[in-house]
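# Observations on the model geometry
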Amino acid sequence: MKKELPFDEKEWKSICDRGIVNLGNNYRILKAINQAARGKGINIGFIGGSITAGSLSTLPETCYAYLVYSWWKEKFPGADIGYINAGIGATTSQYAVARVCDDLLRHGPDVVFVEFSVNDRAEEKYMETFEGLIRRILAYQKEPAVIIINNVCYDNGANAQEIHNRVGRYYDLPIVSIKDNIYTEVEKGRIKAESLTPDNLHPNDLGHRLVADVIINLLETIYNRAGHNPTKAYVLPKDTLTDNSYINSILLNNHNFQPVLDGFTADVSKKEGLWDVFKQGWFGSKEGSRISFSVECRGLSVLYRKYAKKDAGKEIYAPIARLVVDNDEEKAIILDARFDEDWGDCLYLQDIFKRDTASRHTVEITITTQTEGRNFYLASIITI
């Protein structure tokens, strides 16, 4: 066992076992395991927030996602194992369901690990967005296996696992929970939270290693039971758990959408990886600048840049815009680019409307307050 922790191997195995919330139908993951065992190539994918992206790990190779990928490499040395990390910090499953095709599925994953339990809130809306994400992955033509990961806030145990795991159990998927094992040991005082995370959220290298251990224990359990506990072929449920209105979410940016620009400019600078989120959008630098468009949809959200409130200890002032739908000025929505955090700028998702049926809508965004040196940046639009 890790020298930093007061457990022997047997006790640590027991703790990891507590993290298995559901073994689920293992047909798809066993298909991937058998393919790798025969020396055939497979791809291991991850989608989630900053923890999945590797925030606060000292190297990309010390984050939990890469450590889990390494298990596959070590277990099946004769196979070509690909690694796809589609984690983006400070984002939810609502954004993920709109981007999952471009950022993950187009790379052809055979196994996908999904982690949004500390980014989503424990609300009905996020059960619906999470179901949209899960079902979109499961319905992908390559039929990947899906494993759900419940990370946790280490100071109070907060996460969205209750609603996420309702989805996971409905779709009979493997689920692991860090709240049900590592956090329990923190509550008991047998693991000090500060030894795992400097901010009670993002794991350090040891924290990432322990999260990986819990996931790998699930994989080992499935692998070891493969010959003794065969599972029937996986069938995607015909009905959905929620209204599932987010499953066909469409992400619009300047690569696939052309709004009318009046003072705004399309950002044509090159995007450097998934974390480079303030690219491919539109920006305006003057009060009165407008961007307008017409879309047919049931629901609309916009993603724009919020600027951290402090920079080197100084207050940051940021632009404000006004969004009007269907010329209804009385119901104008304020898009305030000021961010009440100081860890960095935020890609902020703001819901505009959600209706029972789809229809065509006109939308206009106008900059009402401008700050020198800070553009109003509209990163993308999501329609459902």
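Above this text sits the structure in question.
In this report, the structure presented in the accompanying data block is examined. (Residues numbered from 1 in each chain as written. Predicted model: local features only at pLDDT ≥ 70, side-chain atom pairs only at ≥ 80, totals over all residues. Heavy atoms only, no water.)

So, on to the pairing of strand 4 (residues 111-115). A regular strand places its side chains on the two faces of the sheet in alternate fashion. In terms of residue burial, strand 4 counts as a mostly covered element, since five of its five residues are buried. Residues of strand 4 alternate between two faces, with Val111, Phe113 and Glu115 on one and Val112 and Val114 on the opposite face, all of them buried. Judged from the five bridges that link them, strand 2 (residues 42-48) and strand 4 form a sheet pairing that is parallel. For Phe46, the partnering residue across the bridge sits in strand 4 and is Phe113. Note that strand 4 and strand 5 (residues 145-150) share five bridges and pair parallel. Bridge pairing in strand 5 places Val112 opposite Val146. One crossover worth recording links strand 4 to the parallel strand 5 by way of helix 6 (residues 124-138), and it is right-handed. (Buried < 20%, exposed > 50% of the residue type's maximum accessible area, 1.4 Å probe, protein only. Helix = DSSP H or I, 4+ residues; strand = E, 2+ residues; numbered from the N terminus. Pairing = 2+ DSSP bridges. Right-handed = clockwise from strand over helix to strand, strands pointing away.)

All right, on to the nonpolar core then. Core analysis: the biggest nonpolar cluster contains 53 residues, and Tyr64, Val68, Trp72, Phe113, Tyr154 and Ile182 have the highest contact counts within it. Among the elements that make up this core, the one with the highest residue count is helix 10 (residues 205-225) (10 residues). Apart from residues lying up to four places away in sequence, Val68 is in contact with Phe46, Phe113, Ala212, Ile215, Ile216 and Leu219. The next biggest cluster of nonpolar side chains, apart from the first, holds 30 residues, and it includes Tyr126, Ile134, Leu138 and Leu173. (Core = buried A, V, L, I, M, F, W, Y, C linked by side-chain atoms within 4.5 Å. Contact = heavy atoms within 4.5 Å.)

Its place among the elements puts Lys309 in the loop between strand 11 (290-308) and strand 12 (310-311). Assessed through its relative accessible area of 32%, Lys309 is described here as partly exposed. When the C-alpha atoms of Lys309 and Ala337 are compared, they prove to be 9.8 Å apart, with 28 residues separating the residues in sequence.

Further remarks concern unusual backbone geometry. One non-glycine residue, Gln280, adopts positive backbone phi at about 70 degrees. Inspection of the secondary structure puts Gln280 in the loop between strand 9 (264-266) and strand 10 (282-284). Phi angles above zero are rare outside glycine, and Asp326 is one such case at about 55 degrees. For Asp326, the location among the structural elements is in the loop between strand 14 (320-325) and strand 15 (333-336).

Turning our eyes to something else, we now look at the packing of helix 4 (residues 64-75) against helix 10. The contact between helix 4 and helix 10 brings their axes to 8 Å, and the two run at 35 degrees. The element helix 4 and its partner helix 10 pack so that their crossing is right-handed. On helix 10, the residues that touch Tyr64, Leu67, Val68, Trp71, Trp72 and Lys75 of helix 4 are His208, Arg209, Val211, Ala212, Ile215, Ile216, Leu219, Glu220 and Tyr223. Grouping the amino acids of the contact of helix 4 with helix 10 by side-chain chemistry returns 11 nonpolar, one polar and three charged. (Axes fitted to C-alpha atoms, helices over the stretch in contact; angles between N-to-C directions. Left-handed = near helix turned anticlockwise from the far one by under 90°. Nonpolar A, V, L, I, M, F, W, Y, C, P; charged D, E, K, R; others polar.)

Okay, the environment of Ala308 next. Inspection of the secondary structure puts Ala308 in strand 11. Exposure remark for Ala308: the relative accessible area of 7% places this residue in the buried category. A C-alpha to C-alpha distance of 43 Å links Ala308 and Gly41, two positions 267 residues apart in sequence.

Here we take up the sheet that holds strand 6 (residues 175-177). Within a beta sheet, neighbouring strands are joined by backbone hydrogen bonds and run either parallel or antiparallel to one another. Strand order in the open sheet formed by six strands is 1-6-5-4-2-3, and the pairing between neighbours is mixed. The strands lining the two open edges of the sheet, one partner per strand, are strand 1 (20-22) and strand 3 (81-87). Strand after strand, the sheet turns through a mean of 20 degrees between neighbouring axes, direction not considered. In the sheet, strand 2 pairs with strand 3 via seven bridges, with the strands oriented parallel. Within the sheet, the bridge partner assigned to Ile44 lies in strand 3 and is Tyr83.

Let's shift gears to the packing of aromatic side chains. Overall, the coordinates contain 18 aromatic pairs when judged by the stated rule. Judged by centre distance (6.0 Å) and plane angle (20 degrees), the ring pair of Phe7 and Trp12 falls under stacked. A single burial state applies to Phe7 and to Trp12, both of which are buried. An aromatic cluster of three or more residues is present, and its members are Phe46, Tyr64, Tyr66, Tyr69, Tyr83 and Phe113. Here the basic side chain of Arg305 rests over the ring of Phe278, its NZ or CZ set 4.1 Å away from the ring centre. Just above the ring of Tyr348 sits the side chain of Lys306; from NZ or CZ to the centre is 4.7 Å. (Phe/Tyr/Trp six-rings, centres within 6.5 Å; stacked < 30°, edge-to-face > 60°. Lys NZ or Arg CZ within 6 Å of the ring centre and 35° of its normal.)

Once that is clear, we can look at the pattern of salt bridges. In this structure the tally under the stated criterion is 22 salt bridges. Residues Glu185 and Arg18 are paired through a salt bridge, measuring 2.8 Å at the closest nitrogen-oxygen approach. Of the two residues, Glu185 sits in helix 8 (residues 182-188) while Arg18 sits in helix 1 (residues 9-18), which places them 167 residues apart along the sequence. Looking at Arg18, the relative accessible area reads 32%, which means it is partly exposed. In this structure, the salt-bridge partner of Glu124 is Arg166, at a minimum N-O distance of 3.9 Å. One end of the pair, Glu124, is in helix 6; the other, Arg166, is in helix 7 (residues 161-170), and 42 residues separate them in sequence. Bridged by salt links that share partners, the residues Glu11, Arg18, Glu185, Lys188 and Arg190 form one connected network. (Salt bridge = Lys/Arg side-chain N within 4 Å of Asp/Glu carboxyl O.)

Relative to the helices and strands, Lys142 is located in the loop between helix 6 and strand 5. On the accessibility criterion, Lys142 (35% relative accessible area) is partly exposed. Counting along the chain gives 31 residues from Lys142 to Val111, while the straight-line C-alpha distance between them is 9.9 Å. Residue contacts for Lys142: discarding those within four places in its chain leaves Lys31, Asn43, Gly108, Pro109 and Asp110. Within the structure, the side chain of Lys142 is placed 2.8 Å from the backbone oxygen of Gly108, a separation counted as a polar contact. At 3.3 Å, the side chain of Lys142 forms a polar contact with the side chain of Asp110. (Polar contact = N/O pair within 3.5 Å; in protein donor to acceptor, adjacent residues only side chain to side chain.)

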